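Coordinate analysis (summary)
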Amino acid sequence: PPEQDHVAMEQVALLQRSLAYLVSNVKKEDFESIGYFCDVTNKAVCAFQEEHQVPGERGVVDERFWARLAEEVNKKDVREANKRLQREKDLEKCKQAREQKKQAQDRESALSMEALMGKTTGSLDKQDQPVPHGQSQGAQQQPPQQP
């Protein structure tokens, strides 16, 4: 019946996607046609059986094979999720470190600017006041004497 063919095709497609996910030298594009059991699918099944010591006849997909395949997919999913979490944590740490470095640079820059401004203001304050007309710059003003 056509329904059984459709279900079988879906199962083979799931098998192929799972094998491409788990077997290092197999890619989804390697399969001649997704949903059809081909030579590439058979070789990938055999490679998975050997790599994961799945008992049974080579190239045959039985209940033990499906159970082991599901187990390995779940393990890899967990590993991949943990890697993503670790990458996110590492990115957050880098972001925090950059922000702390920027804040430290901003503080250092502000202190440098403040020091420069202090020197400039201080030297302006220390400059000689304008000399009244008729006196030399070195002469000191003396209070007028009373008779």
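If you're wondering where the values come from, they're calculated on a predicted model, not measured in any experiment.

1. Focus on the overall build of the chain
- A tally of helices and strands in the chain yields 3 helices and 0 strands.
- Ordered by position in the sequence, the α and β elements of the chain form the string α-α-α.
- Across the 147 residues that make up the chain, the buried fraction comes to 18%.
- A separation of at least 24 residues holds for 37% of the contacts in the chain among residues at least 6 apart in sequence.
- Total accessible area on the chain is roughly 12000 Å²; 52% of this is exposed by carbon and sulfur atoms.

2. Thoughts on the nonpolar core
- Counting residues in hydrophobic clusters, the biggest one holds 15 residues, and the most contacted among them are Leu-15, Leu-19, Phe-31, Phe-48, Phe-65 and Leu-69.
- Broken down by secondary-structure element, the contributors of at least two residues to this core are helix H1 (2-22), helix H2 (39-51) and helix H3 (63-126).
- Beyond its immediate sequence surroundings of up to four residues, Phe-65 is in contact with Leu-15, Leu-19, Val-45, Phe-48, Gln-49, Val-54 and Val-60.

3. Some thoughts on the packing of aromatic side chains
- For the coordinates displayed, the defined rule picks out 1 aromatic pair.
- Measuring from centroid to centroid gives 5.2 Å for Phe-48 and Phe-65, while their planes differ by 65 degrees, and the two rings are edge-to-face. You can see Phe-48 sitting in helix H2 and its partner Phe-65 sitting in helix H3, a full 17 residues away along the chain.
- On the accessibility criterion, Phe-65 (0% relative accessible area) is buried.
- In this arrangement the basic side chain of Lys-76 is found over the ring face of Tyr-21, its NZ or CZ atom lying 4.5 Å from the centre.

4. Observations regarding unusual backbone geometry
- Phi at Gln-53 is positive, roughly 45 degrees, even though this residue is not glycine.
- Residue position: Gln-53 is located in the loop between H2 and H3.

5. Points about the pattern of salt bridges
- Under the defined criterion, the tally for this structure stands at 6 salt bridges.
- Asp-62 is paired through a salt bridge with Arg-64; the nearest N and O atoms lie 3.7 Å apart.
- Put simply, Lys-75 and Glu-71 hold a salt bridge, and the shortest N to O gap is 3.5 Å. Highlighted residues: Lys-75 and Glu-71, both in helix H3, separated by 4 residues, approximately one helical turn.
- Here Lys-75 falls in the partly exposed class, since its relative accessible area comes to 38%.

Definitions and cut-offs
- Residues numbered from 1 in each chain as written.
- Predicted model: local features only at pLDDT ≥ 70, side-chain atom pairs only at ≥ 80, totals over all residues.
- Heavy atoms only, no water.
- Helix = DSSP H or I, 4+ residues; strand = E, 2+ residues; numbered from the N terminus.
- Buried < 20%, exposed > 50% of the residue type's maximum accessible area, 1.4 Å probe, protein only.
- Contact = heavy atoms within 4.5 Å.
- Areas by Shrake-Rupley, 256 points an atom, 1.4 Å probe, with all protein chains shown as cover.
- Core = buried A, V, L, I, M, F, W, Y, C linked by side-chain atoms within 4.5 Å.
- Phe/Tyr/Trp six-rings, centres within 6.5 Å; stacked < 30°, edge-to-face > 60°.
- Lys NZ or Arg CZ within 6 Å of the ring centre and 35° of its normal.
- Salt bridge = Lys/Arg side-chain N within 4 Å of Asp/Glu carboxyl O.

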